[in-house]
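# Coordinate analysis (summary)
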Amino acid sequence: MFDYFISGWSFFFRWPIANAKTFRPLGIFLGPILQASVFLFFSLVGFFLLSEGQRHWAPAFGFVGLSMLTGFFHEDGLADTADSLGVSKFDSHTSLEKIHFTFKDPRLGTFGVSALVMLWSFRVLVVSQAQLSLTLWFLVCMLSRSASLGLGLLFSSWFPLARSARSSHVMQSVRSLHASILLLAVSFVGILIGFQMERASLFRSSHFALNAFDAGVDSLAASLVVMLLASLFVFRALVRRTEALNGDLLGALVCISEVFLTICILKIF
């Protein structure tokens, strides 16, 4: 069990360094709860450091801390995916080679920089203006990452292009049933943590927090369904264009799902 935990940590986090005796690919499905927990830790640090009138900025500490410990893992995938969209796909074979070369290129292009600026501007704007509760931010972080892995698992099982030679070998190496059960368990645990957080009114940063978490379960579920459908449409288009399912696409999907889910929550709550 310890190897599964360390495998999940070492896959997503660059610090502190941890190496499992035997890498367990299934451990990556612990990623959503590990990342959401790190996000919550840094958010709470910010919550207690900031004055009462500034505590709505606490999630910004969470985003910065999480991104630094992961080495901007998902943001890098978003930037590479955005740069790949800058390759015109007229000659399918030549363009496909250029697209996949862009994923491996460590340099950032105009599309990649623009995507990062828009993502972080969106995060800052929502944190500063919407003042969502830490409960909702925790769930946005956890569910967006669960959605990415879940859709990746679905596509690697059912979508032929996602099983090409250029696709992620990690996603293809896990057994679908075991991975699905683990991912569902992680999501369930995350929601239970969110329930307990909402019951502790200390972590409510503003009047936008739910007065009772269970009163907003239906609305949260509706937001999750909308996010999944929108993410599914975008992810399918990206996989079809790339003719592969790689880690950069999954990282980009995390960021895209985060934006979709945040917008849905803002509309509903």
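Summarised in this report is the structure supplied together with it.

Parameters at a glance
- Residues numbered from 1 in each chain as written.
- Predicted model: local features only at pLDDT ≥ 70, side-chain atom pairs only at ≥ 80, totals over all residues.
- Heavy atoms only, no water.
- Helix = DSSP H or I, 4+ residues; strand = E, 2+ residues; numbered from the N terminus.
- Buried < 20%, exposed > 50% of the residue type's maximum accessible area, 1.4 Å probe, protein only.
- Axes fitted to C-alpha atoms, helices over the stretch in contact; angles between N-to-C directions.
- Parallel < 35°, antiparallel > 145°, perpendicular 65-115°, else oblique.
- Left-handed = near helix turned anticlockwise from the far one by under 90°.
- Contact = heavy atoms within 4.5 Å.
- Nonpolar A, V, L, I, M, F, W, Y, C, P; charged D, E, K, R; others polar.
- Patch = residues over 30% accessible without salt bridge, like charges linked within 9 Å, V, L, I, M, F, W, Y side chains within 5 Å.
- Areas by Shrake-Rupley, 256 points an atom, 1.4 Å probe, with all protein chains shown as cover.
- Salt bridge = Lys/Arg side-chain N within 4 Å of Asp/Glu carboxyl O.
- Core = buried A, V, L, I, M, F, W, Y, C linked by side-chain atoms within 4.5 Å.
- Phe/Tyr/Trp six-rings, centres within 6.5 Å; stacked < 30°, edge-to-face > 60°.
- Lys NZ or Arg CZ within 6 Å of the ring centre and 35° of its normal.

Looking along the chain, the bond that leaves W15 and enters P16 is cis, with omega of -10°. For P16, the position within the fold is in the loop between α1 (2-12) and α2 (31-49). Phi is positive for F72, close to 55°, though the residue is something other than glycine. Note that F72 resides in the loop between α3 (58-70) and α4 (73-84). In this structure F72 comes out as partly exposed when scored by relative accessible area, which is 40%.

At a minimum axis separation of 10 Å, α3 and helix α7 (residues 134-158) run at an interaxial angle of 30°. The angle between α3 and α7 places the two elements in the roughly parallel class. Crossing angle aside, the handedness with which α3 passes α7 is right-handed. Residues A58, P59, F63 and L66 of α3 touch α7, and the partners they reach there are L134, W137, C141 and R145. By residue class, the composition of the contact of α3 with α7 is seven nonpolar, no polar and one charged.

It is worth spelling out a nonpolar patch on the surface at this point. On the surface, L154, W158, V225, L229 and L232 cluster together to form a nonpolar patch covering roughly 530 Å² of accessible area. Elements that contribute at least two residues to the nonpolar patch include exactly α7 and α10 (217-242). With three residues, α10 is the largest single contributor of residues to the nonpolar patch. Since its relative accessible area comes to 47%, V225 is described here as partly exposed.

Structurally, S146 is set in helix α7. The class for S146 is buried, based on a relative accessible area of 7%. Beyond its immediate sequence surroundings of up to four residues, S146 is in contact with P32, L183 and S187.

What follows covers the packing of α4 against helix α6 (residues 110-129). At a minimum axis distance of 7 Å, the contact between α4 and α6 shows a crossing angle of 135°. What the angle tells us is that α4 and α6 run oblique. The handedness of the crossing between α4 and α6 is right-handed. Contact residues: α4 offers E75, L78, A79, A82 and D83, while α6 offers T110, F111, G112, A115, L116, L119, W120 and R123. Residues that form the contact of α4 with α6 fall into these classes: eight nonpolar, two polar and three charged.

With 62 residues, the main nonpolar core has F13, F29 and F235 as its most contacted residues. Sorting elements by how many residues they give to this core places α7 first, with 14 residues. Ranked by size, the runner-up nonpolar core spans six residues in total, among them L78, A82, A115 and C255.

So, on to the packing of aromatic side chains. Per the counting criterion, the structure on display carries eleven aromatic pairs. Both rings, one in F11 and one in F12, keep their centres 5.0 Å apart while their planes meet at 80°; by these two values the pair is edge-to-face. Grouping aromatic residues by their ring pairs yields a cluster made of F11, F12 and F73. The positively charged end of R55 is found above the aromatic ring belonging to F47, 4.6 Å away from the centroid.

The topology assignment puts S128 in helix α6. By relative accessible area, S128 is classed as buried at 15%. Taking the C-alpha atoms as reference, S128 lies 9.4 Å from Q54; in sequence the two are 74 residues apart. Residues contacting S128, with those up to four places away along its chain left out, are H56 and W57.

Looking now at the pattern of salt bridges. By the definition in use, this model includes five salt bridges. The residue R123 makes a salt bridge to E75 at a minimum N-O spacing of 2.9 Å. Of this pair, R123 sits in helix α6 while E75 sits in helix α4, and the two are 48 residues apart along the sequence. The exposure classification of R123 matches that of E75, with both residues buried.

None of this, on its own, says anything about what the molecule does.
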